Structure formats: C-alpha cells, structure tokens
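One letter stands for each residue in the lines below.
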Amino acid sequence: QPDSAALALPDVHELACFRTSPRPCPNQQLVDQLKPLREWRFLQHGTGEPEAISYATAVSVIIGTPFVITSADQARALPKIGPKLVVKIQEYIDKGFIQESRDVEQLERFKVLRLLTTVHGVGHALANKLYDDGTRTLDDLQAMLKDRHDILRYMRFHADLQEPVSRTEVESVRDFVRLQVDKVLPGAHLELCGGYRRGKATSGDIDILITFPHQDGLERGFLRRLVDRLVKKGLVPRDGGVLSLTEAGSSRTTWANRRASLGDTLDKALVVFRHPANGTTRTRDVWRRVDLVVAAWPHWGPAVLGWTGSTQFERDLRRHAGKLCRLHVHSGGIRDKETNEHVEAKTERDCFRLLKLEWIPPHLRNA
Ligand code: DGT
Ligand code: MG
C-alpha cells in the first residue's frame, strides 16, 4: 500500500480534532459530489448508525486533506477511505463527477425522505415508514399524521424555517433575544455558536448560548423565565412555538445524579422565534428556529465547544478524549472517567489544553 510519505504529501490524521477543516476546502468539488451519498446514508440509516457514521467520517477526512487529491494512490493513503470510495474518487478525477451521486439525487425515495425529514419531529425511521405507506408530499404527511398535533401545529412555520438564514439576520435575532435576556436578568453574556460561529455564510437555525460571567448558580431557573417572557411578548408563539424545554436540574435533582449522568446537562429550549420585520427590508415577520442554551460559568468552555460543532468534529473530539485522555467530554462539562469528577474549564482554550490538543479556531472546525 502506498503511504503518503512515499508520495511526499503531508499525513492526514484520522481524527478531525487533529486536522484543520476550512470551508471551502481544497477538495470542495469532490466533497460536494459526495454529499448526496452521505445524506442518502443518513436518510436510510439515521445519523447515529455505523453505515452513516463511517461514510461521514470518510468525507470528513477528505474535507481535512490539505492538498488537492489528484490520484487514487493519494486517496488510498488517506485514513478511513475504503476501496469503494477510492473508486468513486478515481471516477471524479477522470470525469469531474460521480454518476452514483447524480443517480441518488434523482431517486424519488431520496427526494421524498429529504423533504419529510425537514419537518421537526420526523426522523429517518418515521420518514421511511411514511414513504413505504405512500407518503410523497407534505400534504400527504399531514393527512397521515392526524394524531400528531405537535407536527400539525408546527407545519404553519415550516416554509419559513426552510429558508437559509444570513449572518446579518442571525445577529439581528441575537440582538432581539439579548434585549429580553437583559429584562429577565441583567449581566448575561450571549454567544452565537453552531455553523454561524464556524463562519458559514448561512445557517439552518440560530444557536444562542447564554451564561452569567463570574457567577455560578445565577443561571438556575433562568431559561424558563426567559421562555415565559418570549411567549408573553409574542416572540415565541404560545401555540406550538416551544418545541422542547429541558432543564438539567429537573430530571436530575441531586448533584450526585447530575454528575453521574452521561448526557447533556445544560438547560435548553428549542423554539420557533418570530423575527420582526421592523428594521429589515422585509414586509412581514418571519419564523426562525432558535436554540437557547444556558450554561454555568465554570463550564462555559465545554458548552461553547460542544455547540460550535461540526457534528463530526465533536464526534472525533469525544473519541480522542475518551481514548487518550480518559476524559468524558460533553457540552455540560468535562469529567474524569475514573473519578467521575467535573474538571473546570471556563474557556474553549482550557478544553483544548485539557485534551492536549493544539488550538483549532472555529472556522477550521467544518469537519
Ligand atoms: P445548521 O444549524 O444546520 O446551519 O448547522 P450547525 O452546524 O449549526 O448544526 P446544529 O445547529 O444542528 O448544531 C450545532 C452544534 O451543536 C452541533 O455541533 C451539534 C450541537 N448540538 C445540536 N443539538 C444539540 C443537543 O441537543 N445537545 C448538544 N449537546 N449539542 C447539540
Ligand atoms: Mg445551527
């Protein structure tokens, strides 16, 4: 097997937290050709399944490859790239496109599953079942899911929520939220995370993290009060605007339980937000998806790190942390796997230091 040393090219690490992943990347056109194939696996198997993850991991390696791939040998020398993918890369090098990718995009099943999963609450499993039962359009979906009142109520926001959100609009929504945050409890710090923080030109939703700097405990109960206020002000519709509200403390009341929990320990509200037209060129208010996440100041670092993404970057980060550092990393904090104790990390840089990683700025985490 050829190795990259023999080809005099830099080694590409198998984990995204050791690579830089810019957008666009040097092999962007190849990556764009592979994206439908990656999505096809997500739609068939779900994002958590090995089939989908291994494909996403391979595409992510290509995103993190710092040179233009010009031969099958170069592709073979990369980690996580299997023989079938090497064949596709060769096809791309020869022809400039990948036929299977074009074919997949034309499949009715692909197009319909893609459409159905744009609806909040419809995952790959339900979408596949609906398709098998004959669902082809959003009208069909609403007819099939007559007893899912959450989904039916949500449909009136759906068209607006499909529009990509520009960076200026993301910032404008943040400013609206900030005004209300200050009314509930002054002194908060807001940070836009997700794709926006990674430099994406447009976002699917708006991820807003909130903390109270140099204070620990002030954030408890804050999110519910904020959401109540947003509803009262008409910025979040009372009827179906709060898609979910989870308070870490409510399900895990004792500190011991909270410490032992593996999942997300942050308070989080997924809402539909009314973005008022005033001050914009629009003539009407529009609906936007906003995730509001509240983190305690001592664990601000892992919260920002966890909500900045990309998903693949987070996945590889957790893998590295668990294997090499014996640490469990999640957006609620970093824990020592042996003692189960939380390790304080106020900033993202603290997290990188704890994980013995070189700093990677957010715009290079588009893995
Ligand atoms: P987008 O919104 O489609 O333009 O792209 P992103 O990259 O902003 O994706 P998004 O908003 O789904 O997620 C942003 C990051 O936050 C991503 O790395 C995963 C993380 N994240 C999303 N949902 C959750 C959650 O429920 N819990 C935790 N801990 N992290 C989440
Ligand atoms: Mg987002």
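Residues numbered from 1 in each chain as written. Chains lettered and ligands numbered in written order. Predicted model: local features only at pLDDT ≥ 70, side-chain atom pairs only at ≥ 80, totals over all residues. Heavy atoms only, no water.

A.B. asks: Please explain the overall build of the protein as it appears in this structure.
C.D. replies: Looking only at helices and strands, the protein has 17 helices and ten strands in total. Taken over the C-alpha trace, the protein has a radius of gyration of 22 Å; the compact-globule value for 367 residues is 21 Å, and the two agree within 12%. Expressed as a percentage of its 367 residues, the buried residues of the protein come to 50%. In the protein, once contacts between residues fewer than 6 apart in sequence are set aside, the share between residues at least 24 apart is 64%. Looking at the protein as shown, the accessible area adds up to about 17,400 Å², and 51% of this sits on carbon and sulfur atoms. Side chains of the protein give 55 positive and 47 negative charges; the mean places of these two sets differ by 3 Å. (Helix = DSSP H or I, 4+ residues; strand = E, 2+ residues; numbered from the N terminus. Rg over C-alpha atoms; globule rule 2.2 N^0.38 Å. Buried < 20%, exposed > 50% of the residue type's maximum accessible area, 1.4 Å probe, protein only. Contact = heavy atoms within 4.5 Å. Areas by Shrake-Rupley, 256 points an atom, 1.4 Å probe, with all protein chains shown as cover. Lys, Arg positive; Asp, Glu negative; His and termini not counted. Charge placed at Lys NZ, Arg CZ, Asp CG, Glu CD.)

A.B. asks: What is the right way to read the coordination of the magnesium ion (ligand 2) from this model?
C.D. replies: When a metal carries six donors in an octahedron, the ideal angles between them are 90 or 180 degrees, while four donors in a tetrahedron ideally lie at 109.5 degrees. Protein coordination at the magnesium ion (ligand 2): the donors are Asp205 (OD) and Asp207 (OD), at 2.0 to 2.2 Å from the metal. On the accessibility criterion, Asp207 (9% relative accessible area) is buried. (Donors = N, O, S within 2.8 Å, 3.2 Å for Na, K, Ca; no water.)

A.B. asks: Is there a simple way to explain the packing of helix H1 (residues 28-45) against helix H4 (residues 83-95) in this structure?
C.D. replies: A pair of packed helices can be characterised by two numbers: the angle between their axes and the separation between those axes. Contact pair H1 / H4: the axes reach a minimum separation of 11 Å and the direction vectors enclose 130°. Judged by the inter-axis angle, H1 sits oblique to H4. In terms of crossing hand, the pair formed by H1 and H4 is right-handed. Contact residues: Gln29, Leu30, Gln33, Leu34 and Leu37 in H1; Leu85, Lys88, Ile89 and Tyr92 in H4. Grouping the amino acids of the contact of H1 with H4 by side-chain chemistry returns six nonpolar, two polar and one charged. (Axes fitted to C-alpha atoms, helices over the stretch in contact; angles between N-to-C directions. Parallel < 35°, antiparallel > 145°, perpendicular 65-115°, else oblique. Left-handed = near helix turned anticlockwise from the far one by under 90°. Nonpolar A, V, L, I, M, F, W, Y, C, P; charged D, E, K, R; others polar.)

A.B. asks: Hey, could you run me through the nonpolar core in this one?
C.D. replies: For soluble globular proteins, the rule of thumb is that nonpolar side chains tend to be buried together. In this structure, Leu34, Ile81 and Leu141 are the most contacted members of the largest nonpolar core, which totals 45 residues. For this core, the secondary structure elements donating two or more residues are H1, helix H2 (50-63), helix H3 (72-76), H4, helix H6 (108-116), helix H7 (124-132), helix H8 (138-144) and helix H9 (149-161). Within the second largest apolar cluster, 29 residues are counted, among which are Val165, Val177, Leu230 and Val290. (Core = buried A, V, L, I, M, F, W, Y, C linked by side-chain atoms within 4.5 Å.)

A.B. asks: Which parts of the structure should I look at to understand the domain arrangement of the protein?
C.D. replies: Put simply, an interface is often sized by how much accessible area is lost when its parts join up. Along its sequence, the protein is carved into domain 1 (4-104), domain 2 (113-146) and domain 3 (164-367). Computed from C-alpha coordinates alone, the two centres of domain 1 and domain 3 are separated by 30 Å. Across the contact, 16 residues belong to domain 1 and 16 residues belong to domain 3. Both sides together, the interface formed by domain 1 and domain 3 hides about 1,400 Å², and carbon and sulfur atoms give 62% of it. Among the residues domain 1 hides against domain 3, the three largest losses belong to Leu15, Cys17 and Arg23. Together they make up 38% of the total. Counting every contact that joins domain 1 to domain 3 gives zero salt bridges. Inspection of the region where domain 1 meets domain 3 yields five residue pairs in polar contact (both at pLDDT 80 or more). A breakdown of the residues in the side of domain 1 that touches domain 3 according to their chemical character gives eight nonpolar, five polar and three charged. (Domains from an automatic or database assignment. Buried area = accessible area lost by both parts, 1.4 Å probe. Salt bridge = Lys/Arg side-chain N within 4 Å of Asp/Glu carboxyl O. Polar contact = N/O pair within 3.5 Å; in protein donor to acceptor, adjacent residues only side chain to side chain.)

A.B. asks: Just checking my understanding: could you explain the sheet that holds strand E8 (residues 327-330) for this structure?
C.D. replies: Sheets are built from strands that pair by backbone hydrogen bonding, the pairs being arranged parallel or antiparallel. The three strands are arranged E8-E9-E10 in an open sheet whose pairing can be described as antiparallel. Across the chains shown, the open sheet's two edge strands, defined by having one partner strand only, are E8 and strand E10 (342-343). Where E8 and strand E9 (residues 333-336) come together, four bridges link them in antiparallel fashion. Note on E9: the bridge partner recorded for His330 is Gly333. (Pairing = 2+ DSSP bridges.)

A.B. asks: Just to check I follow, could you spell out the side chain of Thr211 for this structure?
C.D. replies: Within the secondary structure, Thr211 is located in strand E4 (residues 206-211). For Thr211, the side chain forms a polar contact with the main-chain oxygen of Ala295, separated by 2.9 Å. Side-chain polar atoms of Thr211 contact the backbone nitrogen of Trp297, separated by 3.4 Å. Those residues in contact with Thr211 that lie beyond four places of it in its chain are Gly187, Ala188, His189, Ala295, Ala296, Trp297 and Trp300.

A.B. asks: Got a minute to help me understand the sheet that holds strand E5 (residues 242-246) in this structure?
C.D. replies: Here we have five strands laid out as an open sheet, ordered E2-E4-E7-E6-E5, and mixed in their pairing. In the strand order of this sheet, the two ends are held by strand E2 (189-192) and E5, each with one partner. Strand-to-strand, the axes of this sheet are offset by a mean angle of 25°, without reference to chain direction. Relative to strand E7 (residues 286-294), strand E6 (residues 267-275) runs antiparallel, the two being bridged by nine bridges.

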